[in-house]
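Overview (structure and organization)
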Amino acid sequence: MAASMENVEEIRNRVILGEFGVTNVHTTDFPGNYPGYDDTWNVEKFQKNFRIDVVHLDENSMEFDMVGIDAAVANAFRRILLAEVPTMATEKVFIYSNTSIVQDEVLAHRLGLIPIKADPRLFEYRNSGEESAEEEGSEIDTIQLQLKIKCSRNPRASKDSSDPRELYLNHMVYSKDIKWVPIGNQADVFADCCIGPVHDDILIAQLRPGQELDIVMHCVKGIGKDHAKFSPVATASYRLLPEITLLEVVEGEKAERLKQCFSRGVIDLEDINGTKVAKVVNSRLDTCSREVLRHSDLKNVVKLGRVRDHFIFTVESTGILPPDVLVTEAIKVLMAKCQRFLNELDSTVME
Amino acid sequence: MAGEGEKKAVLEMVQADGADEGCVTFVLHDEDHTLGNSLRYMIMKNADVEFCGYTITHPSESKINFRIQTRGGIPAAEPLRRGLNELSDVCQHVLNTFQARVNEFKERQEQPME
């Protein structure tokens, strides 16, 4: 696409969704690329154009818009949310007795994936290294949890029932059966916030009378890069704001079909002089399926694109930390990375 | 110039013999696209930089080769330092704006309930 006067703005600011592919994807506004534009980094210009709008926020998920930032930085935040914000999760499982039908390693794997409600900012990383000598871990880097449950026959069950809920006691092991065992001064430090699994109703194993589980778990601090159990988000993703422009007036039955091509609520038909005319009401709701480009009479009427610097983030937390705290921590992680290399540069220059 | 010898190196500089200080490849250890791409963007926005790119040499090793070539004889460590500072400032501004907006949103949510 040649950069003529009219479409320079479009090349700079929009991603074009075409019939056979998506074009204009990369950021091109670097100094020297466009004559007449000063694209050098300007802090004031960035701060003026940058804004964040929180659309939805509750204790488990949030949706917010970040406008005026480049994809490289927005993607860095997304990657850090998924893989580099630390949390606490079960790492070592000491199985004293497991007579259930679930194998030891499968059980240990399942226990590791249970999210543990403990603020990871109050704990330190465990020094890997001398393992056998200090296998217990200290109060500053380990949480100890215990799961001790035995299934038995219910003496009060009626003779001819076949419902396991009536026949057996403790035959389903849920995460609510995991108890916190405070070590050292943890009982005082964490007196008010109960440490344990986030959700009570995660089914871990099923037992029958005579089977028991006697397990001690050590939880440590880790990041998602190491193992996905440490990831604090159910998922974190972003999409770019869609932009739909109608190039000509569409009315009547054609407008009806145009409305069907987009997600509900994107296009509305308004009554002008008796005929229904299509109008773009809310392009944010569109999922950009490009369905309209499959119809030969509708594809030239519409221009589909995305705004390149408007990111709609969706962060769903697993419940360990609230989603706004997670985003804050992710931004701090990126700052810490920059600081680490700045310190390195300074120390090598000093030598 | 290289990083510390006794513990794991974090940042190394590799320079071709005879080339001036403006063309340097930095090896950043324990990094990937997260810092690499965002840092590349910030450094490319600098008008003194003629070339800036990064590559992950092998996906099994977590290190990136970050190359900077400057024009005008400027030592390459300077745009790197400036890019890191600017990225850090961007993060700080994003953090401040985000926290302010979240608090505003929470207050607005409190009001209908009162």
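This one's a predicted model, so the numbers in the text were calculated from it and none came from an experiment. (Residues numbered from 1 in each chain as written. Chains lettered and ligands numbered in written order. Predicted model: local features only at pLDDT ≥ 70, side-chain atom pairs only at ≥ 80, totals over all residues. Heavy atoms only, no water.)

Details of the overall build of chain A
Helices and strands together make up the secondary structure of chain A, namely eight helices and 18 strands. For a compact globule of 351 residues, the expected C-alpha radius of gyration is about 20 Å, and chain A comes in at 28 Å, more than 25% above that figure. The principal-axis extent of the C-alpha atoms belonging to chain A is close to 80 × 75 × 35 Å. Here chain A, with 351 residues, has 45% of them falling under the buried criterion. Here the analysis covers contacts within chain A between residues at least 6 apart in sequence; of these, 74% occur between residues at least 24 apart. Carbon and sulfur atoms make up 50% of the accessible area of chain A, which totals about 18500 Å². One finds the centroid of the 41 positive side-chain charges in chain A at a distance of 5 Å from the centroid of its 56 negative side-chain charges. (Helix = DSSP H or I, 4+ residues; strand = E, 2+ residues; numbered from the N terminus. Rg over C-alpha atoms; globule rule 2.2 N^0.38 Å. Buried < 20%, exposed > 50% of the residue type's maximum accessible area, 1.4 Å probe, protein only. Contact = heavy atoms within 4.5 Å. Areas by Shrake-Rupley, 256 points an atom, 1.4 Å probe, with all protein chains shown as cover. Lys, Arg positive; Asp, Glu negative; His and termini not counted. Charge placed at Lys NZ, Arg CZ, Asp CG, Glu CD.)

Quick word on the packing of helix 3 (residues 71-83) of chain A against helix 1 (residues 33-44) of chain B
When two helices pack together, their arrangement is given by the angle between the helix axes and the distance between those axes. Closest axis-to-axis distance for the helix 3 of chain A/helix 1 of chain B pair is 8 Å, and the angle between their directions is 165 degrees. Considering their axes alone, helix 3 of chain A and helix 1 of chain B lie roughly antiparallel with respect to each other. Every pair of crossing elements has a handedness; the one defined by helix 3 of chain A and helix 1 of chain B is left-handed. Packed against helix 3 of chain A, whose contacting residues are A72, V73, A76, R79 and I80 of chain A, the element helix 1 of chain B presents H33, T34, N37, S38 and Y41 of chain B at the interface. Split by residue class, the contact of helix 3 of chain A with helix 1 of chain B holds five nonpolar, four polar and one charged. (Axes fitted to C-alpha atoms, helices over the stretch in contact; angles between N-to-C directions. Parallel < 35°, antiparallel > 145°, perpendicular 65-115°, else oblique. Left-handed = near helix turned anticlockwise from the far one by under 90°. Nonpolar A, V, L, I, M, F, W, Y, C, P; charged D, E, K, R; others polar.)

Section: the pattern of salt bridges
Overall, the coordinates contain 28 salt bridges over all chains when judged by the stated rule. Residue R284 of chain A pairs with D65 of chain A through a salt bridge whose shortest N-O separation is 2.6 Å. With R284 of chain A in the loop between strand 17 (275-280) and strand 18 (302-317) and D65 of chain A in strand 4 (residues 61-67), this residue pair connects regions lying 219 residues apart in the sequence. Each member of the pair, R284 of chain A as well as D65 of chain A, is classed as buried. Through salt bridges with shared partners, a single ionic network connects R79, E84, K225, K337 and R340 of chain A together with E31 and D32 of chain B. (Salt bridge = Lys/Arg side-chain N within 4 Å of Asp/Glu carboxyl O.)

Description of the packing of aromatic side chains
One pass over the full model with this rule turns up nine aromatic pairs over all chains. For the pair Y34 of chain A and Y37 of chain A, a centre-to-centre distance of 6.0 Å together with 70 degrees between the ring planes defines the contact as edge-to-face. Judged by its relative accessible area of 10%, Y34 of chain A is buried. With 5.4 Å between their ring centres and 50 degrees between their planes, Y238 of chain A and F313 of chain A make a pair best called tilted. Of the two residues, Y238 of chain A is situated in strand 15 (residues 233-246) and F313 of chain A in strand 18; the sequence distance between them amounts to 75 residues. Judged by its relative accessible area of 24%, Y238 of chain A falls in the partly exposed class. For F313 of chain A, a relative accessible area of 1% translates into the label buried. Members of the aromatic cluster, each reached through a chain of ring pairs, are F64, Y238, F311 and F313 of chain A together with F98 of chain B. Over the ring of Y34 of chain A we find R12 of chain A, and its NZ or CZ is 4.9 Å from the ring centre. Positioned over the ring face of F341 of chain A is R340 of chain A, at 5.1 Å from the centre of the ring. (Phe/Tyr/Trp six-rings, centres within 6.5 Å; stacked < 30°, edge-to-face > 60°. Lys NZ or Arg CZ within 6 Å of the ring centre and 35° of its normal.)

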